[in-house]
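# Architecture and fold: a report
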Amino acid sequence: MPFFLSEEIITMATGLKVYFCGSIRAGRGDVEIYGRIVEMLGKYGTVLTPFVADPNLTVHSAEEGKAKTDKEIYDRDMSLLEECHAIVAEVTQPSLGVGFELGRGVAMNKKILCLYRPQPEKRLSAMVRGAEKDGFFTTKDYKEEDLPAIFDDFFQNFLRRDRKDSLDWKSYEPM
Ligand SMILES: O=c1[nH]c(=O)n([C@H]2C[C@H](O)[C@@H](COP(=O)(O)O)O2)cc1CO
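Every chain is numbered on its own, with residues counted from 1 as its sequence reads. Residue-level local features of this predicted model are given only where pLDDT is at least 70; pairs of side-chain atoms are given and counted only at 80 or more, and the full residue set underlies all totals for whole chains, interfaces and linings. To obtain the side-chain values, all non-hydrogen atoms of the structure were used and water was disregarded.

## Looking at the packing of aromatic side chains
So the rule is basically this: Centre distance within 6.5 Å is the pairing criterion for rings of Phe, Tyr and Trp, where only the six-membered ring of Trp is used; planes under 30 degrees apart are then read as stacked, over 60 as edge-to-face, and the remainder as tilted. For a Lys NZ or an Arg CZ to count as sitting over a ring, it must be within 6 Å of the ring centre and within 35 degrees of the ring normal.
If you walk through the whole model with that rule in mind, you get six aromatic pairs. Members of the aromatic cluster, joined through ring pairs, are Tyr44, Phe151, Phe154 and Phe155. In this structure, Lys111 packs its charged tip against the face of Phe136, placed 5.9 Å from the ring centre. For the cation-ring pair, Lys133 lies above Phe136, with the distance from its terminal atom to the ring centre recorded as 5.1 Å.

The structure is reproduced here in structure tokens:
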């Protein structure tokens, strides 16, 4: 992917809202990679859920930011899910919450990218891999060094599909 393409996306797609999903109560072993993913996603738009990558948020945290109860967490996240234009989920650490968010995202017709680091002891659910749907739901097996190209590809297609009439990203406005 040419370098200028990434730069173009960075400067033009600032209205894009991305919902990032990652395991919280199901285990925080991947929190550092969540942090690097959220940082990378910041190039393409606003990440609505940066708290998912907060290393201070643990499996046992009693509170999560301003949300003090499970009901508050759920209501806030469902509203952010409605608000987002795209969902990016790191699915290597299996999580009920992430699976739930993905299901709700599919029902809302959101465009979804799942990221999975293949490992025999954490085999990806068929309900994620099997949900593949052209232009709406895709799962990528990845190594960390692959992420910039995966994101460029995902967000480039995203923009093109929303603006079938124009490839001029300067005029891009998320719907
Ligand atoms: O405190 C929380 N805050 C929060 O936003 N979530 C959402 C965002 C994550 O993508 C997902 C993680 O679910 P789980 O905790 O079941 O692993 O659920 C989940 C929790 C805890 O379940």
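## Observations regarding the environment of Leu113
To keep things clear, this is the line we draw: Under the DSSP-based scheme used, a helix requires at least four consecutive residues in state H or I and a strand at least two consecutive residues in state E, with every element numbered from the N terminus. Between buried and exposed lies partly exposed: a residue is buried under 20% and exposed over 50% of the maximum accessible area for its type, with that area taken using a 1.4 Å probe on protein chains only. The contact criterion used is simple: two residues touch if any of their non-hydrogen atoms lie within 4.5 Å.
With respect to the helices, strands and loops of the structure, Leu113 is situated in strand β4 (residues 111-116). Overall, Leu113 belongs to the buried group, its relative accessible area being 0%. Sequence separation between Leu113 and Phe154 is 41 residues; the distance between their C-alpha atoms is 7.5 Å. Look past the residues within four positions of Leu113 in its chain and what remains in contact with it is Ile87, Val88, Ala89, Thr138, Lys140, Ile150, Phe151 and Phe154.

## What to know about the pairing of strand β1 (residues 17-21)
The criterion, for reference: Here, strands pair whenever DSSP counts at least two bridges between them. Seen with the strands pointing away from the viewer, any crossover whose path from the first strand over the helix to the second strand runs clockwise is right-handed.
Counting buried positions over the five residues of β1 gives four, a clear majority of the element. Examined bridge by bridge, β1 and strand β2 (residues 46-47) share two bridges and lie parallel to one another. Looking across to β2, one finds that Val18 is bridged to Val47. For the segment spanning β1, helix α2 (residues 31-41) and β2, crossover handedness is right-handed. Strand direction decides the pairing type here: β1 and strand β3 (residues 86-90), joined by four bridges, are parallel. Within β3, the residue paired with Phe20 across the bridge is Val88.

## A closer look at the site of the ligand
Selection criterion: Neighbouring residues are identified by heavy atoms, a residue being near a molecule or strand if any of them is within 4 Å of it. Under the rule applied, a polar contact is a pair of N or O atoms within 3.5 Å (in protein, one hydrogen donor and one hydrogen acceptor; residues adjacent in sequence only if both atoms are side-chain atoms). Points on a 1 Å grid over protein atoms alone make up a cavity when a 1.4 Å probe fits among them but cannot get out, and a pocket when they form an open set with protein on both sides within 12 Å along at least five of seven lines; lining residues each have an atom within 4 Å of a point. A cavity or pocket is said to hold a molecule if more than half of that molecule's atoms lie within 2 Å of its grid points. For this scheme, ten residues count as nonpolar: Ala, Val, Leu, Ile, Met, Phe, Trp, Tyr, Cys and Pro. Four count as charged, namely Asp, Glu, Lys and Arg, and the remainder, Gly too, count as polar.
Every one of the 16 residues lining the ligand counts as a neighbour, but Arg25, Glu64, Asp77, Ser95 and Glu101 are closest to it. Between the ligand and the protein, one listed contact pairs an oxygen atom with a backbone N or O atom of Arg25 at 2.8 Å. Between the ligand and Ser95, the relevant distance is 2.7 Å, taken from an oxygen atom to a side-chain nitrogen or oxygen of the residue. Comparing atom positions with the cavity grids shows the ligand to sit within the largest pocket. Listed by contribution, the elements that provide at least two residues to the shell around the ligand are α3 (70-83) and α4 (96-107). Its residues placed into classes, the shell around the ligand shows seven nonpolar, four polar and five charged.

## Quick notes on α4
Condition: What a helix is expected to span follows from its residue count: subtract one and scale by 1.5 Å. Along the arc lie the directions from the helix axis toward the C-beta atoms.
For α4, built from 12 residues, the straight-helix expectation of 16 Å at 1.5 Å per residue is met to within 8% by its first-to-last C-alpha distance of 17 Å. Within α4, the full set of buried residues consists of Val98, Glu101, Leu102 and Gly105. All buried residues of α4 lie within an arc of 100° about the axis, which places them on one face of the element. Among the exposed residues of α4, those pointing more than 90 degrees away from its buried face are Leu96 and Ala107. Its buried side turned inward, α4 meets β1, α3, β3, β4 and α5 (126-129). Its side-chain oxygen 3.3 Å from the backbone nitrogen of Gly97, Ser95 forms the N-cap of α4. Asn109 lies just past α4 and shows a positive phi near 60°.

The analysis is restricted to geometry; functional conclusions fall outside its scope.
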